[in-house]
Amino acid sequence: MALTASLRRGSTRVPPHSPAAFHAPLFHDLVAGLDTAERHVVLDLGAASTATLALLGRFRCRVEIVDLAYFGGIKELNTAAPGRALAGTAEALLPYPPTGDAFDLVLCWDLPNYLTLNALSALMNAIRQRARPGALAHALIFYAQRDMQEQPGRFVPTADGKLKDRSTPGTTIAAPRYSPEELGKSMGRFVIDRARLLSNGMQEFLFRL
């Protein structure tokens, strides 16, 4: 097994979702379906997580970690002028895979909820240019709850195959509650492959390029 990872750049209310671990069957199936005989290149838009790296370390993976929330990428995307400026911002936030490599798995976590649809579209278009045909993208979308935390979560896999948000509860904001139709038009050429409504009220999506 071989795992390499790189890191890119540098009023309080009860949070709307439970901090308890929850089943995410599409995430579980996605990881379980990785081919142990092949090398995988993973783009993680969230924070570096020892648990996630350990899970992916069971396979031959290279993991590129962007952490859009911590390094200000969300604000940059949401405030960039539409058109070339936005496209350029999205491209600058992403690492280029090594020569001959292309992303085949993208971990979006709950970050799409914090982007405008235009920003999300620009980001996924930039990712598409560096991904192989058939690549998969996983995302968690706020659906049942009207509010979400002001900052994205820090989701990590648990030993029993669940996901848990380890972020600190804080101020909440209105959730955009994007519909499948809106997401379908804003994920570049990634199209909805499967979707599940989770016990915590989020919708889990798997997109395929």
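The paragraphs below set out a description of the structure included in this document. (Residues numbered from 1 in each chain as written. Predicted model: local features only at pLDDT ≥ 70, side-chain atom pairs only at ≥ 80, totals over all residues. Heavy atoms only, no water.)

On a plain count of helices and strands, the protein chain comes out with six helices and 11 strands. A compact globule built from 209 residues should have a C-alpha radius of gyration of about 17 Å, and the protein chain, at 16 Å, falls within 12% of that. Projected onto its principal axes, the C-alpha positions of the protein chain cover 45 × 45 × 30 Å. Split into buried and exposed, the 209 residues of the protein chain put 48% on the buried side. In the structure as shown, the protein chain presents an accessible area of about 9900 Å², 51% of it carried by carbon and sulfur atoms. Between the averaged position of the 23 positive side-chain charges in the protein chain and that of its 19 negative side-chain charges there is a distance of 2 Å. (Helix = DSSP H or I, 4+ residues; strand = E, 2+ residues; numbered from the N terminus. Rg over C-alpha atoms; globule rule 2.2 N^0.38 Å. Buried < 20%, exposed > 50% of the residue type's maximum accessible area, 1.4 Å probe, protein only. Areas by Shrake-Rupley, 256 points an atom, 1.4 Å probe, with all protein chains shown as cover. Lys, Arg positive; Asp, Glu negative; His and termini not counted. Charge placed at Lys NZ, Arg CZ, Asp CG, Glu CD.)

What follows concerns helix α4 (residues 84–93). Among all positions of α4, only L86, T89, A90 and L93 are buried. Projection of α4 onto a plane perpendicular to its axis shows the buried side chains occupying an angular sector of 95°, all on one side. (Arc of directions from axis to C-beta.)

Of the pairings in the sheet, the one linking strand β10 (residues 191–197) to strand β11 (residues 202–208) comprises six bridges and is antiparallel in character. Across the sheet, the residue bridging to A195 is F205, located in β11. Counted between consecutive antiparallel strands, the loop separating β10 from β11 contains four residues, among which G201 sits at a positive phi close to 90°. (Pairing = 2+ DSSP bridges.)

Attention now goes to the pairing of β11. Taken across its seven residues, β11 has six buried, putting it largely inside the fold. Of the pairings in the sheet, the one linking strand β5 (residues 131–142) to β11 comprises seven bridges and is antiparallel in character. Directly across from L136, in β11, lies its bridge partner R208.

Take the nonpolar core next. Ranked by internal contacts, the top residues of the largest apolar core, which has 63 residues, are L45, I127 and F190. When residues in this core are grouped by element, the largest group, eight residues, is from β5. In this structure, F190 is in contact with M124, I127, R128, A131, A135, L136, A137, F207, R208 and L209, ignoring residues within four places of it in sequence. (Core = buried A, V, L, I, M, F, W, Y, C linked by side-chain atoms within 4.5 Å. Contact = heavy atoms within 4.5 Å.)

All right, on to the packing of aromatic side chains then. Summed over all chains, the structure comprises four aromatic pairs. On the basis of an interplanar angle of 85° and a centroid distance of 6.1 Å, the ring pair of F22 and F155 is categorised as edge-to-face. In this pair, F22 sits in the loop between β1 (3–7) and α1 (25–32) while F155 sits in strand β7 (residues 155–157), placing the two residues 133 residues apart along the sequence. With respect to class, F22 is no different from F155; both count as buried. Aromatic pair Y70 and F71: ring centres 5.1 Å apart, planes at 90°, arrangement edge-to-face. (Phe/Tyr/Trp six-rings, centres within 6.5 Å; stacked < 30°, edge-to-face > 60°.)

All of the buried residues along α1 are L26, F27, L30 and V31. Buried residues of α1, seen end-on, are gathered within an arc of 130° and therefore sit on one face of the element.

Within the element layout of this structure, S49 appears in the loop between β2 (39–44) and α2 (50–56). On the basis of relative accessibility, which here comes to 9%, the residue S49 falls in the buried class. At 3.1 Å, the side chain of S49 forms a polar contact with the backbone nitrogen of T52. (Polar contact = N/O pair within 3.5 Å; in protein donor to acceptor, adjacent residues only side chain to side chain.)

Scanning the model with the defined rule gives zero disulfides in all. Of all cysteine sulfurs, the one in C108 lies closest to C61, which takes part in no disulfide; the gap is 16 Å. Under the relative-accessibility criterion, C61 is labelled buried at 3%. Judged by relative accessible area, which is 1%, C108 ranks as buried. (Disulfide = S-S within 2.5 Å.)

Honestly, it's all geometry; don't read function into it.
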